[in-house]
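# Structural features, examined
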Amino acid sequence: MHELFDLTGKTALITGAARGLGFSYAEGLASAGATIILSDINSIVLDSAVNKLKNKGYKVSGYVMDVSDEKQIIDAFNSMDKDNIQIDIVINNAGIQHRQPIIEIELKDWQRIIDIHLTGTFLVSREAAKRMIARNSGGKFINICSLTSEQARPTVAPYTAAKGGIKMLTKSMAAEWGLFNIQANAIGPGYILTDMNEALIKDQAFDSWVKNSNPTKRWGKPQELIGTAIFLAAPSSDYINGQVIYVDGGWLAVL
Ligand code: NAP
Ligand code: GCO
């Protein structure tokens, strides 16, 4: 592994990592040498994911964390402190989708999406950055944006508002933490084949729209995001801050 992409000696926390893109990021960073801290809301799925990576010979542990619950986040970080775990890299990945026209959305559903995506990214990053700054270790934050950080489509307004907010929160983190040798950047995946999009993948009209809306004429695969995650977690990105890298097949580049 070229030293620019070597994560040996680094510990990475990935939220929402029991499956989907979070698990892909975890496996990718582990293959680059990182020790992995998987977190997720569901302890059963989390334990299974931890065992999968351990069976591959990686150094992994798991901490339950509902990123919409401030107490759970603080408790998890305090547990990691007690276990002498020092987080160097954070991927704020946890997220869900809610598809409904704005005029039909109930406040509780709006709030849940904002709480998980935007507030969860804030809370987890705040707790991790406090510790990075206190031990003067530097660090890396990789937030997860979306095509909806730039453009909207009908029926996903809460998610779009949250992902737009995450883009600007990423820049705020860069603005405040750059002098502590902490880089905060984001990945903006296009339409990727995961459980979150199961209904869309099965919808022939939507499937055609996705394929006709990007130059590669296909959906992305989870493993196609790993290289960008390693790049943003590694020394190769030490002078990159506040950026969103779109891994979208060229979707945003074309009319
Ligand atoms: P996914 O397959 O639905 O997986 C989401 C993961 O997040 C699951 O493990 C889920 O746990 C976990 N999670 C949900 N709520 C949580 C909470 N409150 N606290 C902690 N973990 C929680 O979704 P995905 O497609 O991998 O998406 C992952 C991230 O990428 C999301 O932020 C999403 O917005 C973003 N993204 C996805 C795409 C795409 O096309 N797939 C594109 C752009 C951005 P459970 O297993 O218990 O449900
Ligand atoms: C949707 C999808 C999208 C993708 C992704 C695109 O309902 O349109 O869930 O939000 O998951 O965010 O970048």
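Placed above this text is the structure.
A brief report on the enclosed structure follows.

Reading guide: rules and limits
Residues numbered from 1 in each chain as written. Chains lettered and ligands numbered in written order. Predicted model: local features only at pLDDT ≥ 70, side-chain atom pairs only at ≥ 80, totals over all residues. Heavy atoms only, no water. Axes fitted to C-alpha atoms, helices over the stretch in contact; angles between N-to-C directions. Helix = DSSP H or I, 4+ residues; strand = E, 2+ residues; numbered from the N terminus. Parallel < 35°, antiparallel > 145°, perpendicular 65-115°, else oblique. Left-handed = near helix turned anticlockwise from the far one by under 90°. Contact = heavy atoms within 4.5 Å. Nonpolar A, V, L, I, M, F, W, Y, C, P; charged D, E, K, R; others polar. Pairing = 2+ DSSP bridges. Near = heavy atom within 4 Å. Polar contact = N/O pair within 3.5 Å; in protein donor to acceptor, adjacent residues only side chain to side chain. Areas by Shrake-Rupley, 256 points an atom, 1.4 Å probe, with all protein chains shown as cover. Buried < 20%, exposed > 50% of the residue type's maximum accessible area, 1.4 Å probe, protein only.

## Thoughts on the packing of helix 1 (residues 20-31) against helix 2 (residues 43-54)
- At their nearest, the axes of helix 1 and helix 2 sit 11 Å apart, and the two run at 25 degrees to each other. One finds that helix 1 runs roughly parallel with respect to helix 2. In this structure, helix 1 crosses over helix 2, and the sense of that crossing is right-handed. Judged by residue contacts, Phe-23, Ala-26 and Glu-27 of helix 1 engage Ala-49, Lys-52 and Leu-53 from helix 2.
- Classifying every residue of the contact of helix 1 with helix 2 by side-chain character gives four nonpolar, no polar and two charged.

## Considering the sheet that holds strand 3 (residues 60-64)
- With respect to topology, seven strands assemble into an open sheet ordered 3-2-1-4-5-6-7, the strand pairing being parallel. The sheet terminates laterally at strand 3 and strand 7 (244-247), the two strands that pair on one side only. The average angle at which neighbouring strand axes cross in this sheet is 20 degrees, direction not considered.
- Bridge count for strand 5 (residues 139-144) against strand 6 (residues 182-189) is six bridges, and the pairing is parallel. Its bridge partner being in strand 6, Ile-144 is matched across the sheet by Ile-187.
- On top of the sheet, helix 1 reaches strand 1 (11-14), strand 2 (35-40), strand 4 (89-92), strand 5 and strand 6; it is set at about 170 degrees to strand 2, its chief contact.

## Points about the site of ligand 2
- Near ligand 2 you find 13 residues, and of these Arg-99, Ser-146, Arg-153, Tyr-159 and Tyr-191 are the closest.
- One of the backbone nitrogen or oxygen atoms of Leu-147 is found 2.9 Å away from an oxygen atom of ligand 2.
- Take Gly-190: an N or O atom from its main chain is 3.5 Å from an oxygen atom of ligand 2.
- Within the complex, 97% of the 330 Å² of free accessible area of ligand 2 lies under protein.

## Thoughts on the side chain of Gln-183
- Relative to the helices and strands, Gln-183 resides in strand 6.
- Given a relative accessible area of 5%, Gln-183 falls into the buried group.
- A distance of 3.1 Å separates the side chain of Gln-183 from the side chain of Asn-181, its partner in a polar contact.
- Among all residues touching Gln-183, those that are not within four sequence positions of it are Gly-139, Lys-140, Phe-141, Ser-237, Asp-238, Ile-240 and Asn-241.

## Notes on the site of ligand 1
- Around ligand 1, the structure places 28 residues, and the nearest of them are Arg-19, Asp-40, Asn-93, Tyr-159 and Thr-194.
- One of the side-chain nitrogen or oxygen atoms of Arg-19 is found 2.6 Å away from an oxygen atom of ligand 1.
- Contact distances for ligand 1 include 3.2 Å between an oxygen atom and a backbone N or O atom of Gly-190.
- Contact with the protein chains covers 93% of the free accessible surface of ligand 1, which is 900 Å².
- Secondary structure elements with two or more residues in the shell around ligand 1: helix 1, helix 4 (107-134) and helix 5 (157-177).
- In terms of residue class, the shell around ligand 1 is built from 14 nonpolar, nine polar and five charged.

## Topic: the environment of Ala-30
- Mapping Ala-30 onto the fold places it in helix 1.
- Remark: the alpha-carbon pair of Ala-30 and Asn-214, spanning 184 residues in sequence, is separated by 30 Å.

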